[in-house]
Amino acid sequence: MATAKKSAASKPAAKKPAAKKAAPAKKAAPAKKAAPAKKAAAKPVAKKAAPAKKAAPAKKAAAKPVAKKAAAKPKTPRKPNAAFMKPLTPSAILAAVVGATPLPRTEVTKKVWEYIKKNKLQDEANKRNINADDKLKAVFGGKKQVSMFEMTKLISDHLK
């Protein structure tokens, strides 16, 4: 008889922590789905405590998709930044590569890349590096090789 009381006492104790874990769920539907798992976990709890711990992460995983659905925002069309679209006049050195007409920064970068690809100035071993010819060497401040990230910085010095 003493063992029957212990097992009966252990079942409500197992249900109480599980009920606390289910309480943070805002919707009733996930709690109802988790209810059969509690009963299945209650039997192994009397024998071993490990299966009850395995059931808890499944509840957390079920709660995450609900949060993702609620966090979805409607998409709005992206507006371009006006600072990028403002036409800038290239210096005489840069004008030898992209032309003398005022262009936005984005167009200047595109034209420099066209020049690089046309003259095959991209390094074969490391494609992030650009090997400068005579015209680009003047733009790059005398450097023979420049990374593509450093290139945009050096080009911005030649725009007004």
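**A look at the pattern of salt bridges**
And step 1. Summed over all chains, the structure comprises 3 salt bridges.
And step 2. Between Lys-127 and Glu-124 there is a salt bridge whose closest N-O contact spans 3.8 Å.
And step 3. Taking relative accessible area as the criterion, Lys-127 reaches 47% and is therefore assigned partly exposed.
And step 4. Note that Lys-143 is salt-bridged to Glu-150, the shortest N-O span being 2.3 Å.

**Let's talk about the nonpolar core**
And step 1. Counting 21 residues, the largest nonpolar core has Val-112, Leu-136, Phe-140 and Met-151 as its most contacted members.
And step 2. Looking at this core, the elements with two or more residues in it are helix 5 (92-98), helix 6 (105-118), helix 7 (134-139) and helix 8 (148-156).
And step 3. The greatest single-element share of this core, amounting to 5 residues, is contributed by helix 6.
And step 4. Not counting residues up to four positions away in its chain, the partners in contact with Met-151 are Val-112, Trp-113, Ile-116, Ile-130, Phe-140 and Val-146.

**Focus on the side chain of Asp-123**
And step 1. Positionally, Asp-123 belongs in the loop between helix 6 and strand 1 (129-131).
And step 2. For the buried Asp-123, which has no salt bridge, the nearest side chain bearing the opposite charge is Lys-127, at an N-O separation of 9.0 Å.

**Comments concerning the confidence of the model for the protein chain**
And step 1. Residues with a pLDDT of 70 or more make up 54% of the protein chain, whose mean pLDDT is 75.
And step 2. Mean pLDDT across the elements of the protein chain ranges from a minimum in helix 2 (residues 28-47), with 53, to a maximum in strand 1, with 96.

**With respect to helix 6**
And step 1. Taking 1.5 Å of rise per residue, the 14 residues of helix 6 would be expected to cover 20 Å, and the 20 Å separating its terminal C-alpha atoms lies within 8% of that figure.
And step 2. Here helix 6 has its buried residues at Val-108, Val-112, Trp-113, Tyr-115 and Ile-116. Seen end-on, helix 6 carries its buried residues on one side only, within an arc spanning 155 degrees. What points out from helix 6, more than 90 degrees from its buried face, is the exposed set Glu-114, Lys-117 and Lys-118.
And step 3. Structurally, helix 6 contributes buried residues whose contacts are with helix 5, strand 1, helix 7 and helix 8.
And step 4. Positive phi appears at Lys-120, one or two residues downstream of helix 6, with a value of about 55 degrees.

Thresholds, definitions, all that
Residues numbered from 1 in each chain as written. Predicted model: local features only at pLDDT ≥ 70, side-chain atom pairs only at ≥ 80, totals over all residues. Heavy atoms only, no water. Salt bridge = Lys/Arg side-chain N within 4 Å of Asp/Glu carboxyl O. Buried < 20%, exposed > 50% of the residue type's maximum accessible area, 1.4 Å probe, protein only. Core = buried A, V, L, I, M, F, W, Y, C linked by side-chain atoms within 4.5 Å. Helix = DSSP H or I, 4+ residues; strand = E, 2+ residues; numbered from the N terminus. Contact = heavy atoms within 4.5 Å. Lys, Arg positive; Asp, Glu negative; His and termini not counted. pLDDT = per-residue confidence, 0-100. Expected span 1.5 Å × (residues − 1). Arc of directions from axis to C-beta.

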